[in-house]
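# Reading the structure
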Amino acid sequence: MDVIQGAKERVRAEVAAAIKGEARRQLAAEGAARLSLRAVARELGMVSSALYRYFPSRDDLLTALIVDAYDAIGQAAESARAAAGATDPLRAWVDVCRAVRGWALEHPHEYALIYGSPVPGYAAPQDTVAPASRVALVLLGVAEAAHDAGVLVEPDLPAADCDSVLADEIRELLDQPDRTLPGPVAPRLAAAWAQLFGLISFEVFGQFNRVIDDRDALFGKAVVALAQQVGLRPVGSGAQA
């Protein structure tokens, strides 16, 4: 029975992967708003009723694609941080940002699904929240590692009254209430997170076309500036972007 059950689960996983693969092809060709379960089933040679056993609605299929995309970009960030090591937080920050940008440029349609215009009529369920936080948690981890090592430069200006409130809100948003990043740094980290994806979105969606040609250089300098905004500074000569 275990062998039979295992075979059934493998077949189900393979069919689900094929459905999502065809859906991604349709995303690239038609956009998320025009994604159709019937069209996916037709292209795969399935009857619609069979596909509904895997994804009962278009929204269920969209959610699966969104979670996969968030997990993929999150994995890229996590792998980059692991490869960078813990000795140079600024280098880790730059490598993570480059990995996120690299994934976005290689998967523009999936990036658009999670960071582009909302899909009409679709409301993301709670299932997407944790995957969506993965990149932010990596950046938070880099900043916290720098703080724990005593190499995070906290803002010289007195903390605003709202800094501790913002820090609590950010930790709650990321479902990480016990994180130790200082209150004055947390809002700056949240702003850097948003600015990072603003830079990437400008590039993915063509806003830099006929304006900036050397986007690698721009991105490298910009993410170092974002790191400095958070309080990260070079450690030795290997920290240049």
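Residues numbered from 1 in each chain as written. Predicted model: local features only at pLDDT ≥ 70, side-chain atom pairs only at ≥ 80, totals over all residues. Heavy atoms only, no water.

## Notes on the packing of aromatic side chains
Counted only if it meets this: In this scheme Phe, Tyr and Trp rings, the latter by its six-membered ring, pair at centre separations within 6.5 Å, and the angle between planes marks the pair as stacked below 30 degrees, edge-to-face above 60, and tilted otherwise. The secondary structure listing takes helices from DSSP runs of H or I that are at least 4 residues long and strands from runs of E that are at least 2 residues long, numbered from the N terminus. Any residue under 20% of the maximum accessible area for its type is buried, any over 50% is exposed, and the rest in between are partly exposed; the area is computed with a 1.4 Å probe on protein chains only. For a lysine, the NZ atom is tested; for an arginine, the CZ atom; a charge sits over a ring if that atom is within 6 Å of the ring centre and within 35 degrees of the ring normal.
Throughout the structure, instances matching the rule amount to six aromatic pairs. Pairing Y111 with F197 gives two aromatic rings, centres 6.5 Å apart and planes at 20 degrees, and the pair type is stacked. Remark: F197 occurs in helix α10 (residues 185–204) and Y111 occurs in helix α6 (residues 108–115); sequence separation between them is 86 residues. Taken as a pair, Y111 and F197 share a single burial class, namely buried. Relative to F197, the ring of Y115 lies with its centre 4.3 Å away and its plane at 20 degrees, an arrangement referred to as stacked. Taken as a pair, Y115 in helix α6 and F197 in helix α10 lie far apart in primary sequence, 82 residues in all. By relative accessible area, which is 23% here, Y115 ends up partly exposed. Each residue in the set Y70, Y111, Y115, F197 and F205 is aromatic and connected to the rest through ring pairs, giving one cluster. Lying over the aromatic face of F219, R101 brings its terminal NZ or CZ to 5.1 Å of the ring centre.

## Comments concerning the packing of α6 against α10
How we decide: Every axis in this analysis is a line fitted to C-alpha atoms, fitted for helices over the stretch in contact. Angles between the N-to-C directions lie between 0 and 180 degrees. Should an angle lie under 35 degrees it is considered roughly parallel, over 145 roughly antiparallel, and from 65 to 115 roughly perpendicular; all remaining angles are considered oblique. Take the far helix as your reference; a near helix turned counterclockwise from it by less than a right angle gives a left-handed crossing, and one turned clockwise gives a right-handed crossing. Between two residues, a contact is recorded if the distance between any of their heavy atoms is within 4.5 Å. Throughout, the ten residues Ala, Val, Leu, Ile, Met, Phe, Trp, Tyr, Cys and Pro are labelled nonpolar, Asp, Glu, Lys and Arg are labelled charged, and all others, Gly among them, are labelled polar.
Direction vectors running N to C along α6 and α10 enclose 130 degrees, while the axes themselves pass 11 Å from each other. Classified by the angle their axes make, α6 and α10 are oblique. For the pair α6 and α10, the crossing hand works out as left-handed. Across the interface between the two elements, P108, Y111 and Y115 of α6 pack against F197, I200, S201 and V204 of α10. Looking at the contact of α6 with α10 residue by residue, the class counts come to six nonpolar, one polar and no charged.

## Some words on the packing of helix α4 (residues 58–84) against α6
With their axes 9 Å apart at the nearest point, α4 and α6 run at an angle of 105 degrees to one another. In this view, α4 runs roughly perpendicular relative to α6, as classed from their interaxial angle. Between α4 and α6, the contacting residues are L62, L65, I66, A69, Y70 and I73 on the first element and E110, Y111, L113, I114 and Y115 on the second. A breakdown of the residues in the contact of α4 with α6 according to their chemical character gives ten nonpolar, no polar and one charged.

## Looking at helix α8 (residues 134–148)
As a reminder of what qualifies: Working rule for helices: expected span equals 1.5 Å times residues minus one.
If you check α8, its first and last C-alpha atoms are 21 Å apart, about what 15 residues at 1.5 Å a residue would give, namely 21 Å. Of all 15 residues that make up α8, eleven are buried, and the element is covered over most of its length. Where α8 is buried, its residues contact α4, α5 (89–106), α7 (129–132), α10 and α11 (215–230). G150 lies just past α8 and shows a positive phi near 75 degrees.

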